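Summary of structural features
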Amino acid sequence: MSIQLNREPVLAVEHLQTTFFTDKETIRAVDDISYTIREGETVGIVGESGSGKSVTARSIMGLVDSPGRIMGGSIRFSDPETVERLAGRFPKRTVDVDDLRQNHDVVTLVERLFDDGVTPEELTDGEYDVHDAKLLVREGDVDMRRLVERGYTTRLGVTDEEAFVVRDGTGGYVEVTNASKPALRALRGKGIAMIFQDPLTSLNPVYTVGNQIKEAVRLHQGKTGQAATDEAIRLLEAVSIPDARRRIDEYPHQFSGGMRQRAVIAMALACKPKLLICDEPTTALDVTIQAQILELLDDIQAERDLAIMFITHDMGVIAEVADRVNVMYSGELVESAPVEELFASPKHPYTRGLLESIPGRNVGEERLRTIEGDVPTPNEQPTYCRFAPRCPEAFDACDVVHPVNVDVSDEREHTAACLLYPEELTREDAVAYHRAQGDGAQTEVTHDE
Ligand SMILES: Nc1ncnc2c1ncn2[C@@H]1O[C@H](COP(=O)(O)OP(=O)(O)OP(=O)(O)O)[C@@H](O)[C@H]1O
Ligand code: NI
């Protein structure tokens, strides 16, 4: 647990939008969310039930199935080893930006795009007409990387199907939202691993714990026989399972809840992931075991430089594990800050509400204060604040203007999406600011269709 602001993000989520189309309704479970996770950093995702935490995680793992669909945005995973591995396996879906720069002229390519029906608005986020867009291209403000990032490789005639591995001199990334099913399978486990609340979803009851860990070791480290057994024992010891040599031959039902979760962590580690997503991994466990598991994750992280995305609705757990916290509400990210900053100076009324409901926080208070009401299901593109109906500080504009994330402190990287900010503006100016920003975003979403 240490803040590493100077390091490169290993995961960058931008304008992610994941929607479920059920018979009854459309649920915008993840509605335009952006954030990054750096190497060795733990990012906590917190919010009440139904706020979209798990759907965010499943989107990153490429595990969103019908009736769900990723409707927009990007998820870039920048682990160099994964990029090279997938580039090797999927050469036809890989582009090298340096190669493109050497062998193509960006002006010609963009003109071809325009001929092909791409509008200058699409290319410049709605800001410029053809003439100005061409000028931007000629002046070098639109470069090859940008074209590739916008997902134009097919239309440029560079690949037959949209590329999902992008390489260039500064490194590269895998674009999860474009990845094929086989690529997603190759990404999971070894690149990004996930631990769920219920360890039984990851353990098969008919095989011994040892066999399951050995299988992961075989798949991801290529070890077999005695070498695999030794590695499995080593992993079980690494997650502090006592008497590992004997317990390796036991079945999941012979393990306690805490021990099962440890075994699942051992399985995840066998894959040597770069990013570990933990979706409420300790919620079902008692407090002592929970604390042990959190400590274990902390040790493992320090040892392996793992990036961790930790989902929980428990602010107390967040305080213990996270370097940075993202607060989600009804599909949206409403506040993001380094953990100390968030606890010392929460800005969004929702975050304040969550903090007030932590047991033992308000000394002398008898009843635990909770925020009244429930998280609304996000059914439509919001033209208002989704928290307003429950917000103690709501005012008229909250019903008609959608708040965007704005910087709320001099501290680095603290944002909140609330019409009360930026604090230095008058309320009227702040509202006007959010309204203007929101209009911009709306145009962009339409063009991303
Ligand atoms: N397979 C699905 N089909 C339809 N709707 C879904 C599906 N999965 C999730 N949703 C909806 O997406 C929204 C967000 O759900 P999500 O599971 O991400 O919430 P969460 O923040 O993880 O909550 P919890 O703390 O209860 O786990 C909810 O409204 C949920 O009903
Ligand atoms: Ni969940």
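Because the structure is predicted, anything quoted here is derived from the model rather than measured. (Residues numbered from 1 in each chain as written. Chains lettered and ligands numbered in written order. Predicted model: local features only at pLDDT ≥ 70, side-chain atom pairs only at ≥ 80, totals over all residues.)

Re the confidence of the model for the chain
Per-residue confidence for the chain gives a mean pLDDT of 89; residues scoring 70 or more make up 93%. Least confident of the elements in the chain is helix α17 (residues 427–447), whose mean pLDDT is 73; most confident is strand β11 (residues 324–329), at 98. Within the model, pLDDT remains below 50 along residues 442–449, and this stretch shows 8 contacts once partners closer than five positions in the same chain are excluded. The ipTM assigned to the predicted complex is 0.99, against a pTM of 0.90. (pLDDT = per-residue confidence, 0-100. Helix = DSSP H or I, 4+ residues; strand = E, 2+ residues; numbered from the N terminus. Contact = placed C-beta atoms within 7 Å.)

Some remarks on the sheet that holds strand β6 (residues 165–168)
The strand order across the open sheet built from 6 strands is β2-β1-β4-β7-β6-β5, with neighbouring strands paired in mixed fashion. A single partner strand is all that each edge strand has here, and the edge strands are β2 (26–38) and β5 (94–96). Strand-to-strand, the axes of this sheet are offset by a mean angle of 10°, without reference to chain direction. Strand direction decides the pairing type here: strand β1 (residues 9–21) and strand β4 (residues 68–77), joined by 8 bridges, are antiparallel. Its bridge partner lying in β4, valine 13 is registered against isoleucine 75. This element, helix α1 (residues 53–60), spans β1, β2 and β4 of the sheet and lies at about 65° to β2. (Pairing = 2+ DSSP bridges. Axes fitted to C-alpha atoms, helices over the stretch in contact; angles between N-to-C directions.)

Details of the packing of helix α9 (residues 209–221) against helix α12 (residues 257–270)
Where α9 meets α12, the axes come as close as 8 Å, and the angle between the chain directions of the two elements is 15°. Here α9 is positioned roughly parallel relative to α12, judged by the angle of their axes. For α9 against α12, the interelement crossing comes out right-handed. Across from Val209, Gln212, Ile213, Ala216, Val217, His220 and Gln221 in α9, the residues of α12 making contact are Ala263, Ala266, Met267 and Ala270. Residues of the contact of α9 with α12, tallied by class, amount to 8 nonpolar, 3 polar and no charged. (Parallel < 35°, antiparallel > 145°, perpendicular 65-115°, else oblique. Left-handed = near helix turned anticlockwise from the far one by under 90°. Nonpolar A, V, L, I, M, F, W, Y, C, P; charged D, E, K, R; others polar.)

Some thoughts on the pairing of β1
Remember that side chains alternate between the two faces of the sheet whenever the strand is regular. Bridge count between β1 and β2: 9 bridges; the pairing is antiparallel. Across the sheet, residue alanine 12 finds its bridge partner in β2, namely threonine 36. Turn length for the β1-β2 hairpin, with the two strands adjacent in sequence and antiparallel, is 4 residues.

Some thoughts on the sheet that holds strand β14 (residues 415–417)
Ordered in space as β8-β9-β10-β3-β11-β12-β14-β13, the 8 strands form an open sheet in which the pairing is mixed. A single partner strand is all that each edge strand has here, and the edge strands are β8 (192–195) and β13 (405–407). Taken over all neighbouring pairs, the strand axes of this sheet differ in orientation by 20° on average, direction set aside. By the bridge criterion, 4 bridges tie β8 to strand β9 (residues 275–279) in an arrangement that is parallel. What sits directly across from isoleucine 195, in β9, is cysteine 278. Those strands touched by helix α16 (residues 349–356) are β3 (42–46), β11 and β12 (332–338), and its axis lies near 105° from that of β11.

Focus: the site of ligand 1
Lining the immediate surroundings of ligand 1 are 16 residues, of which Ala29, Ser49, Lys53, Ser54 and Val55 lie closest. The set of elements that each furnish at least two residues to the shell around ligand 1 consists of β2 and α1. Ranked by residue count, the leading element in the shell around ligand 1 is α1, at 3 residues. The class makeup of the residues in the shell around ligand 1 is 5 nonpolar, 10 polar and 1 charged. (Near = placed C-beta within 6 Å.)

A short note on the environment of valine 404
Note that valine 404 resides in the loop between α16 and β13. Between the C-alpha atom of valine 404 and that of arginine 435, which follows or precedes it by 31 residues, the distance is 8.6 Å.

Here we look at the nonpolar core
A general feature of soluble globular proteins is that nonpolar side chains tend to end up buried together. Among the nonpolar cores identified, the biggest contains 119 residues, and Val174, Ala266, Ile277 and Met309 are the most heavily contacted of them. No other element matches α12, which puts 9 residues into this core. Discounting residues that sit within four places of it in the chain, isoleucine 277 has contacts with Ala57, Ile60, Met61, Ile192, Met194 and Met309. (Core = buried A, V, L, I, M, F, W, Y, C linked by C-beta atoms within 7 Å. Buried ≥ 20, exposed ≤ 12 C-beta atoms within 10 Å, placed from the backbone.)

A look at the environment of glycine 151
With respect to the element layout, glycine 151 can be found in the loop between α7 (144–149) and β6. Along the sequence, glycine 151 and histidine 104 sit 47 residues apart, while their C-alpha atoms lie 17 Å from each other. The residues touching glycine 151, leaving out its near neighbours within four places in the chain, are Glu162 and Asn178.

Concerning helix α10 (residues 225–238)
With 14 residues, α10 should cover 20 Å at 1.5 Å per step; its first-to-last C-alpha distance of 20 Å lies within 8% of that length. Elements in contact with the buried residues of α10: α9, α11 (244–247) and α12. At the C-terminal side of α10, serine 240 shows a positive phi close to 60°. (Expected span 1.5 Å × (residues − 1).)

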